[in-house]
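Inside the fold
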Amino acid sequence: MNDTADAAVPDSGTPDLDALIVGAGFAGLYLLHRLRGAGFRARVYEAGGGVGGTWYWNRYPGARCDVESLSYSYQFDEALQQEWEWTERYAVQPEILRYANHVADRFALWPDMQFDTRVAAAHWDADGLWRVRLEAEGRAPETVTARFCIMATGCLSTANLPDIPGRNSFRGATYHTGRWPHEEVDFTGLRVAVIGTGSSAIQSIPAIAKQAAQLTVFQRTANYSVPAQNRPLDPAEVAAVKADYRGLREEAKTRFGCFVVDLPRPSALADSPEQRVAEFERRWQTGGLTFMASYEDLLYDAEANETAAEFVRAKIRATVRDPETARTLMPTNVIGCKRLCVDTGYFETYNRPNVRLIDINEQPISEITGSGVAVEGEEIAADAIVFATGFDAMTGSLKRIDIRGRGGLPLRDAWEAGPRTYLGLAVNGFPNLFTITGPGSPSVLTNMMPSIEQHVEWVSDCIEALRDRGATVIEAERAAQDDWVGHVNELADASLRSTCSSWYVGANVPGKPRVFMPYIGGYPAYAARCAEIAAAGYEGFAIR
Ligand code: N01
């Protein structure tokens, strides 16, 4: 840590808060608990009307986590993880939201959280404080000062709504999966159009198809999906995990994605075709994200990857009765390049007589009309349109806030060519600003809950360390940030994951710079590096 860098900051007086936290998702809740416990005056501001972050907004039918519930939960408090009862292998959205509310109750977080309040701007002032502008409907904007500003804004929270001509002329109801209404949406007897075939679409399409009179799916890129094989949790299995919850958590921390699946075999190409199919089939039957852990080289060797891709295509061919629909559903890109989807009855849904698939590469959408979706050659009548078109991932929620650092530098300008961070936690030019699971950290490539906990603990330990030595300002150094960005890019370039038009590289948002945003080296290597940097007195940070 470099104590001498940069000019001294004038005494700033007492701010309204030691730490201002943006967002009441799982990161914001734990930050508040942890910082308060360390004696800091912390407060959460949240645009939504309740806690839960992504699980507050993503209420679409079929929404469920595809990391197993016993692992997708906090581990920082043993009593909490012992007392909470998950009911299914993969928890549904309402259950995860209940869990978030339970955590807020259990740790008495409510008095220090303010809802329906959007953080519109955060400006670093010469006096060494963040001045944060809050906006709430029906109230005059308010400014709060804070020593530290912590962005717990989530990686997938700013909806991507494509600018399709005529979108606003549609007379029926429109929905975005990531902004689903709180009241129940009933599609019974309606003609529904779903645009997109990512994870949210793949979860919601089977549920919508059961209600709708007619469902038309507009697909731009076919997607790989594996069955969840969801089931109620067996009490004996839960008891076994709870008898040594710490053991499961510690084991997870040694794994790439920070959750435990069967260890991969070394190389798909080293096995015979029969052995390979047997291994893929075993993982397929186990269900979920374990499929991509079949072999170590699936994301590094195109030929190995193709063996897994072809296995999934064969499953689609065997499941979908109409050969033309099956062909359209078969992806041709690298498996795992876009986030692997996990489904319950997705491909089977296309065997229903009320479901139709349109490949918009062959029949492009020309416009949305008052009464439906017009593609080349025909208009598909619809009473409702569901945009399952994803998010402005990882940077969208940060760039939406007018964040200005030293010398008034806007974050939007600093990141014009793509996000640049040190460890995905801090940004040069933006002192005392932290980003939880920011770009440049493993985040979305891992189980988000332990990745959030690792960041929250690192940040709160860092703020405590500053207090202990009487320092008030910390800032990532330019050289350390450049080295980290270089390292993140180098790892991404070696992987097949960076080779397609995914939201990992920002390709889903027109005009967004193409940069592979998450750190691809896995949780263990990343967490070890963060710990080393802290142990070395916050190497790569200037502190004063
Ligand atoms: O979004 P997506 P999502 N015209 O970006 C298409 C997490 N998640 O909300 O692939 C037509 O994946 C787009 O097409 P293309 C998970 O990490 C987790 O589904 O860009 N189509 C794509 O098909 C996931 O990866 C869980 O060619 C357009 C779709 O819309 C991430 O969130 C559940 C279009 C968007 O897919 C995002 O998933 C759900 C346009 N103009 C989500 N623009 C669980 O844990 C976009 N598309 C269970």
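The structure this text deals with has already been given above.
Quick caveat, the model's predicted, so the values are computed rather than measured. (Residues numbered from 1 in each chain as written. Predicted model: local features only at pLDDT ≥ 70, side-chain atom pairs only at ≥ 80, totals over all residues. Heavy atoms only, no water.)

Strand pairing in a sheet is mediated by backbone hydrogen bonds. Such pairs are either parallel or antiparallel. With antiparallel pairing, 3 strands are arranged side by side in an open sheet as β13-β14-β15. Where the open sheet ends on each side, the last strands, each with one partner, are β13 (365-368) and β15 (378-381). Taken pair by pair, the neighbouring strands of this sheet meet at an average axis angle of 25 degrees, ignoring direction. Here β13 pairs with strand β14 (residues 372-375) via 3 bridges, running antiparallel. Counterpart to Glu 367 in the pairing with β14 is Ala 374. (Pairing = 2+ DSSP bridges. Helix = DSSP H or I, 4+ residues; strand = E, 2+ residues; numbered from the N terminus. Axes fitted to C-alpha atoms, helices over the stretch in contact; angles between N-to-C directions.)

Attention shifts here to the pattern of salt bridges. Under the defined criterion, the tally for this structure stands at 35 salt bridges. Residue Glu 362 is joined to Arg 327 by a salt bridge in which the shortest nitrogen-to-oxygen separation is 3.4 Å. Of this pair, Glu 362 sits in the loop between β12 (355-359) and β13 while Arg 327 sits in helix α10 (residues 323-329); the two residues are 35 residues apart in sequence, bridging distant segments of the chain. Note on Arg 327: relative accessible area 40%, which makes it partly exposed. Note that Asp 402 is salt-bridged to Arg 404, the shortest N-O span being 2.8 Å. Looking at Asp 402, the relative accessible area reads 17%, which means it is buried. (Salt bridge = Lys/Arg side-chain N within 4 Å of Asp/Glu carboxyl O. Buried < 20%, exposed > 50% of the residue type's maximum accessible area, 1.4 Å probe, protein only.)

Below, the discussion takes up the state of the cysteines. If you walk through the whole model with that rule in mind, you get 1 disulfide. What pairs with Cys 337 in a disulfide is Cys 500, and their sulfur atoms sit 2.2 Å apart. Here Cys 337 and Cys 500 share a disulfide; its torsion about the S-S bond, -120 degrees, makes the bridge left-handed. Of this pair, Cys 337 sits in the loop between α10 and β11 (341-343) while Cys 500 sits in the loop between α15 (478-493) and α16 (523-535), and the two are 163 residues apart along the sequence. Note on Cys 337: relative accessible area 0%, which makes it buried. Not part of a disulfide, Cys 462 finds its nearest cysteine sulfur in Cys 530, a span of 11 Å. Classification of Cys 462 by relative accessible area gives buried; the value is 0%. (Disulfide = S-S within 2.5 Å.)

Moving on, we come to the site of the ligand. Around the ligand, the structure places 23 residues, and the nearest of them are Arg 64, Ser 200, Arg 220, Thr 221 and Lys 338. Within the side chain of Asp 66, a nitrogen or oxygen atom sits 3.0 Å from an oxygen atom of the ligand. A distance of 3.5 Å separates an oxygen atom of the ligand from a polar atom in the side chain of Arg 339. Among the elements that take part in the shell around the ligand, helix α5 (residues 199-211) stands out by supplying 3 residues, more than any other. (Near = heavy atom within 4 Å. Polar contact = N/O pair within 3.5 Å; in protein donor to acceptor, adjacent residues only side chain to side chain.)

Turning next to the packing of aromatic side chains. Each aromatic ring pair is specified by the distance between its two centres and by the angle formed by the two planes. Taken as a whole and judged by the stated rule, the model has 35 aromatic pairs. Between Phe 76 and Phe 107, the aromatic rings sit 5.5 Å apart at their centres with planes inclined by 45 degrees, giving tilted as the arrangement. Taken as a pair, Phe 76 in the loop between α2 (54-57) and α3 (78-83) and Phe 107 in the loop between α4 (93-106) and β3 (113-114) lie far apart in primary sequence, 31 residues in all. Classification of Phe 76 as partly exposed rests on a relative accessible area of 22%. Seen from their ring centres, Trp 503 and Tyr 504 are 4.5 Å apart, and the 50 degrees between their planes marks the pair as tilted. An aromatic cluster is defined as three or more aromatic residues linked by ring pairs; in this entry it consists of Phe 26, Tyr 30, Trp 55, Tyr 72, Tyr 74, Phe 76, Trp 84, Trp 86, Tyr 99 and Phe 107. (Phe/Tyr/Trp six-rings, centres within 6.5 Å; stacked < 30°, edge-to-face > 60°.)

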